[in-house]
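One letter stands for each residue in the lines below.
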Amino acid sequence: MKIAIYPGTFDPVTNGHLDILDRAVKLFDKVIISVARNSTKNPIFTEDERIALLKAAAKKYKNVRVESFTGLLVEYARSKKATAIVRGLRVISDFEYEFQMALANRRLHEDVETVFLMPNEKYTYLSSSIVREVARLNGNVRDFVPPIVRRALKKKLRAGGSSTNA
Ligand code: ADP
C-alpha cells in the first residue's frame, strides 16, 4: 500500500490544490491531506474549518483522508507509514523553498521521498492568498475555488474576518 501525505495550510483549499490532489490519487493507493496545525501563516479559517472544506471538496475520492498534523512533517509521515510527501510546484519561485525543504526532510528521514507535481497551466497563478485577496475586495472567486469554499469565504468575510486577511 503506497501512502502519500499532501501537507499544506489550505487557507482555503483552491482548485489548484485539487488539481494536484487529482494527480496524486492516481499515483498512490492512499493520500492523506494534512492540514498544518501550527502554521506560521495566521490563517483566516480555523483548522476545523479548513479540514471541513477539504473533506467536502475531496469527498468524491475513496482513497483520500483529511486530518491535521503538528510537529515535524517527516515524523508524522512515518507515523502514517507514508513513503512520500506530495507538493505542488507552480512557478520557479516555488522551487527554491521547496527544494530546500525536500532536502532537509530527506536528511531527517532518508526513506520519505518528496514528490513534486505540476498543476494544469491554468492554475499556475492561483494561491490561497490571491483567493483571499480577491474575495476580500468583493471579486468573484468562482473560477478559483469549489462552490462550498466560495460560500465559506463570503460568510467569513461578512463576519469581519477581513482585517486578518492581508
Ligand atoms: P503551504 O503553506 O505549505 O505552502 P499551501 O496550502 O499554500 O501550503 O499549499 C499546499 C501545497 O499545494 C504546496 O505544495 C503548494 O505549492 C501547492 N499549491 C498551492 N496552490 C497551488 C496551485 N495553484 N497549483 C499547484 N499547487 C499548488
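For the structure itself, consult the block above.
This section reports on the structure supplied with the text. All of these numbers come straight from a predicted model, not from anything done at the bench.

Quick notes on the pattern of salt bridges
- Across all of its chains, the model carries 12 salt bridges by this definition.
- With a shortest N-O distance of 3.4 Å, Lys26 and Asp22 are connected by a salt bridge. A residue pair is termed a helical-turn pair when its members lie 3 or 4 positions apart in one helix, as Lys26 and Asp22 do in helix α1 (residues 15-27) at 4 residues.
- Between Glu133 and Arg136 there is a salt bridge; the shortest N-O distance is 2.9 Å. Of this pair, Glu133 and Arg136 both sit in helix α5 (residues 128-136), 3 residues apart, roughly one helical turn.
- You can call Glu133 partly exposed: its relative accessible area is 29%.
- A relative accessible area of 32% places Arg136 in the partly exposed class.

Quick notes on the packing of aromatic side chains
- Taken as a whole and judged by the stated rule, the model has 4 aromatic pairs.
- Between the aromatic rings of Tyr6 and Phe10, the centroid separation amounts to 5.3 Å while the plane-to-plane angle is 85°, which identifies the pairing as edge-to-face. Taken as a pair, Tyr6 and Phe10 share a single burial class, namely buried.
- Here Tyr125 and Phe144 contribute two aromatic rings whose centre-to-centre distance is 6.0 Å and whose plane-to-plane angle is 70°, an arrangement assigned as edge-to-face. With Tyr125 in the loop between β5 (113-117) and α5 and Phe144 in the loop between α5 and α6 (147-158), this pair connects stretches of sequence that are 19 residues apart.
- A relative accessible area of 15% places Phe144 in the buried class.

A closer look at the environment of Phe45
- Among the secondary structure elements, Phe45 is positioned in the loop between β2 (30-36) and α2 (47-57).
- Here Phe45 is in contact with Asp11, Pro12, Arg50, Leu53, Ala152, Leu153 and Lys156, once residues within four sequence places are set aside.

Some remarks on α6
- Helix length check: α6, at 12 residues, gives a terminal C-alpha distance of 17 Å against a target of 16 Å (1.5 Å per residue), a fit within 8%.
- Regarding α6, the residues found buried are Val149, Ala152, Leu153, Lys156 and Leu157. With its buried residues spanning 120° around the axis, α6 presents them on a single face. Every exposed residue of α6 that faces more than 90 degrees away from the buried side is listed here: Pro147, Arg151, Lys154, Lys155 and Arg158.

Cut-offs applied
- Numbering of residues starts from 1 in each chain and follows the order in which that chain's sequence is written.
- Totals for whole chains, interfaces and linings use every residue, but because this is a predicted model, local features are given only for residues with pLDDT of at least 70 and side-chain atom pairs only at 80 or more, for both listing and counting.
- Computation of side-chain values: all heavy atoms of the structure, hydrogens and water removed.
- One speaks of a salt bridge when a side-chain nitrogen belonging to Lys or Arg is within 4 Å of a carboxyl oxygen belonging to Asp or Glu.
- Helix and strand assignments come from DSSP, with helices taken as H or I runs of at least 4 residues and strands as E runs of at least 2, each series counted from the N terminus.
- Between buried and exposed lies partly exposed: a residue is buried under 20% and exposed over 50% of the maximum accessible area for its type, with that area taken using a 1.4 Å probe on protein chains only.
- We call Phe, Tyr and Trp rings a pair once their centres come within 6.5 Å, taking the six-membered ring for Trp, and we label the pair stacked below 30 degrees between planes, edge-to-face above 60, and tilted otherwise.
- We call two residues in contact when some of their heavy atoms are within 4.5 Å.
- Expected helix span is computed as 1.5 Å times (number of residues minus one).
- In this context, the arc is that of the directions from the helix axis out to the C-beta atoms.

By themselves these figures say nothing about function.
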